[in-house]
Amino acid sequence: MRILFSPAILLVSKLRFAKKFILITFILAIPLVFMLTQIVINYNNNTEIILSEKAGLQYAKKMHQIINQTQQHRGLSTAFLSGNTSLAADLNETANKITVSINEYDKELATGRLTQLNPQWQQLKSQLNDVIHNSKNSTPKDNFAAHTELIKSMLTYMNDIAYESTLSLDPEIESYY
């Protein structure tokens, strides 16, 4: 064992007292700096995950609102097409709310963190506008089916939001079990 430490013993025996402490401090500082660097890297990674999840929650909340409004529009338009013309004002108001929500979502998506969802959203928005604008020109059955298919697409899009923002993945492995 003495042979293993003999170079270090020889080096330390040649140094003065102050320089020995400087050497020991430097040697102990190396793992300390390494550990602090690892802590900072881990903190930055966790911060990115949190920001991504927060953005995903904002998108999901807005999309949930659009889905609820689309469901209301489905019920109102089906009732309107079935002969209840007194719902025309409510139907138009709901369509306007959907348009406002779409514009708000467009703004959030354009300035947000999940711009990779934009192509899917553009396709979904086109379907949504088609269904809303053609709802008064179809049969109640076709109208209900078109709205239902659109809502399925919206729910799939919400799964995409969860996946892209890491909401569906927990960074702590222990939480899976």
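Data block above holds the structure.
These numbers come from a predicted model, not from an experiment.

**Side note on the nonpolar core**
- Judged by nonpolar contacts, the single largest core of 24 residues is most densely connected at M63, Y105, W121, L128, M154, Y157 and I161.
- Secondary-structure elements contributing two or more residues to this core are α2 (17–81), α3 (88–111), α4 (118–134) and α5 (140–164).
- Those residues in contact with I161, other than ones at most four positions away along the chain, are G56, Y59, A60, M63, Y105, L114 and L117.

**Observations regarding the environment of K97**
- Assignment of secondary structure puts K97 in helix α3.
- The spacing of K97 and T111 is 14 residues in sequence and 22 Å in space, taken between C-alpha atoms.

**Topic: a nonpolar patch on the surface**
- A surface patch of nonpolar side chains, amounting to about 490 Å² of accessible area, comprises M1, L4, F5 and I9.
- In this structure, L4 sits in helix α1 (residues 2–14).
- Under the relative-accessibility criterion, L4 is labelled exposed at 63%.

**Section: the packing of α2 against α5**
- Contact geometry of α2 with α5 gives a least axis separation of 10 Å together with a crossing angle of 175°. Taken together, α2 and α5 sit at an angle that is classed as roughly antiparallel.
- When grouped by side-chain class, the residues that make up the contact of α2 with α5 number 15 nonpolar, 11 polar and 2 charged.

**Re the packing of aromatic side chains**
- Overall, the coordinates contain 5 aromatic pairs when judged by the stated rule.
- Between F17 and F21, the ring centres sit 4.7 Å apart and the planes meet at 75°, which makes this aromatic pair edge-to-face. One end of the pair, F17, and the other, F21, are both in helix α2, 4 residues apart, so they sit about a helical turn from each other.
- A relative accessible area of 46% places F21 in the partly exposed class.
- For the pair W121 and Y157, a centre-to-centre distance of 6.0 Å together with 35° between the ring planes defines the contact as tilted. With a gap of 36 residues between them, W121 in helix α4 and Y157 in helix α5 connect regions that are remote in the sequence. Just as W121 is buried, Y157 falls in that class too.
- One aromatic cluster is present, formed by Y59, Y105, W121 and Y157 through successive ring pairs.
- Positioned over the ring face of F80 is K136, at 5.9 Å from the centre of the ring.

Definitions and limits used
Residues numbered from 1 in each chain as written. Predicted model: local features only at pLDDT ≥ 70, side-chain atom pairs only at ≥ 80, totals over all residues. Heavy atoms only, no water. Core = buried A, V, L, I, M, F, W, Y, C linked by side-chain atoms within 4.5 Å. Buried < 20%, exposed > 50% of the residue type's maximum accessible area, 1.4 Å probe, protein only. Helix = DSSP H or I, 4+ residues; strand = E, 2+ residues; numbered from the N terminus. Contact = heavy atoms within 4.5 Å. Patch = residues over 30% accessible without salt bridge, like charges linked within 9 Å, V, L, I, M, F, W, Y side chains within 5 Å. Areas by Shrake-Rupley, 256 points an atom, 1.4 Å probe, with all protein chains shown as cover. Salt bridge = Lys/Arg side-chain N within 4 Å of Asp/Glu carboxyl O. Axes fitted to C-alpha atoms, helices over the stretch in contact; angles between N-to-C directions. Parallel < 35°, antiparallel > 145°, perpendicular 65-115°, else oblique. Nonpolar A, V, L, I, M, F, W, Y, C, P; charged D, E, K, R; others polar. Phe/Tyr/Trp six-rings, centres within 6.5 Å; stacked < 30°, edge-to-face > 60°. Lys NZ or Arg CZ within 6 Å of the ring centre and 35° of its normal.

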